[in-house]
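Spelled out from the first residue to the last, the chains are:
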Amino acid sequence: MTVLEENQFKALEGDWSVERLSGLLPPMLGVRKRIRGGCGETRLGCLPGVPFYIQAHEGGVALIYLPPFSMFIDKLWPAPDGSWLGHWTLGNRRLGKFRLVRR
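We now turn to the structure provided with this report. One numbering rule holds for all chains: residues counted from 1, following each sequence as written. Where local features are concerned, this predicted model is filtered to residues with pLDDT of at least 70; where side-chain atom pairs are given and counted, the filter is 80 or more; whole-chain, interface and lining totals use all residues. To get the side-chain values, all heavy atoms of the structure are used, and hydrogens and water are removed first.

**Structural notes on the sheet that holds strand E3 (residues 39–44)**
Strands are treated as partners if at least two bridges between them are detected by DSSP. Helix numbers and strand numbers start at the N terminus; a helix is a DSSP run of H or I with at least 4 residues, a strand a run of E with at least 2. Reading around the circumference, E1-E2-E3-E4-E5-E6-E7-E8 is the order of the eight strands in this closed barrel, with antiparallel pairing throughout. Each adjacent strand pair in this sheet contributes to an overall mean axis angle of 30 degrees, direction not counted. Taken together, the six bridges between strand E2 (residues 31–36) and E3 define a ladder with antiparallel strand orientation. Bridge pairing in E3 places Arg 36 opposite Cys 39. Lines fitted to C-alpha atoms define the axes here, with helix axes fitted over just the stretch in contact, and angles between the N-to-C directions of these axes take values from 0 to 180 degrees.

**Some thoughts on a nonpolar patch on the surface**
Think of a patch as exposed residues, more than 30% relative accessible area, with no salt bridge, where like charges cluster within 9 Å and nonpolar side chains (Val, Leu, Ile, Met, Phe, Trp, Tyr) cluster within 5 Å. Every accessible area reported is derived by Shrake-Rupley at a probe size of 1.4 Å, with residue values counting cover from the shown protein chains alone. By definition here, a salt bridge exists when the distance from a side-chain nitrogen of Lys or Arg to a carboxyl oxygen of Asp or Glu is within 4 Å. Taken together, the side chains of Phe 69, Met 71 and Leu 90 define a hydrophobic patch exposed on the protein surface, amounting to about 260 Å² of accessible area. Structurally, Leu 90 is set in strand E7 (residues 84–90).

**A short note on the nonpolar core**
With 17 residues, the main nonpolar core has Leu 12, Ile 54, Val 61, Leu 76, Trp 84 and Leu 100 as its most contacted residues. The set of elements that each furnish at least two residues to this core consists of helix H1 (3–12), strand E1 (14–23), E2, strand E4 (50–57), strand E5 (60–65) and strand E8 (93–102). For this core, the leading source of residues is E5, giving three residues. The criterion used for residue contact is that any of the two residues' heavy atoms lie within 4.5 Å. Apart from the residues lying within four places of it in its own chain, the contact partners of Leu 100 are Leu 12, Trp 16, Ser 17, Val 18, Lys 33, Leu 76, Ser 83 and Trp 84. By nonpolar core we mean a set of buried residues, namely Ala, Val, Leu, Ile, Met, Phe, Trp, Tyr and Cys, connected to one another through side-chain atoms within 4.5 Å. Burial classes follow relative accessibility: with a 1.4 Å probe on protein chains only, a residue under 20% of its type's maximum area counts as buried, one over 50% as exposed, and anything between as partly exposed.

**Considerations on unusual backbone geometry**
Omega for the bond connecting Pro 67 with Pro 68 falls within 30 degrees of zero, at 10 degrees, which places this linkage in the cis form. At Glu 58, a position not held by glycine, the phi torsion is positive, near 45 degrees. Turning to its location among the elements, Glu 58 is positioned in the loop between E4 and E5. Among the residues examined, Glu 58 registers a relative accessible area of 61% and is labelled exposed.

**Observations concerning the side chain of Thr 42**
With respect to the helices, strands and loops of the structure, Thr 42 is situated in strand E3. Pairs of N or O atoms within 3.5 Å make up the polar contacts considered here, provided that, within protein, one atom can donate a hydrogen while the other can accept it, and that residues adjacent in sequence are counted only when both atoms are side-chain atoms. At a separation of 2.7 Å, a polar atom in the side chain of Thr 42 contacts the side chain of Lys 33. Only 2.8 Å separates the side chain of Thr 42 from the side chain of Tyr 65, close enough to count as a polar contact. Those residues in contact with Thr 42 that lie beyond four places of it in its chain are Val 31, Arg 32, Lys 33, Gly 49, Val 50, Phe 52 and Tyr 65.

**Side note on the pattern of salt bridges**
For the structure on display, the rule yields six salt bridges. With its nearest N and O atoms 2.8 Å apart, the salt bridge here joins Lys 33 to Asp 74. Highlighted residues: Lys 33 in strand E2 and Asp 74 in strand E6 (residues 72–78), separated in sequence by 41 residues. Comparing Lys 33 with Asp 74 shows no difference in burial state: the two are buried.

In structure tokens form, the structure reads like this:
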């Protein structure tokens, strides 16, 4: 892992709220991501989380979901304000844009 990748992983650690920006995403009220080390989960309210692992990807990171949701990948890039901008993808098809804001 490069120093840049390691720094990005550390910058992502924490609890995040998800804000829908565009695309086929539903309203993201109550959607949160909890990230610790190289893995995390996406949660909706008090429902069980959907786990993922983190991998370096195209100048940012990819959140790769575990089965049965492994066809979905969140691709994230750091924004200047400390948030992260992301694309929700199915295969290589972009389905929507969102932003992670630290809680």
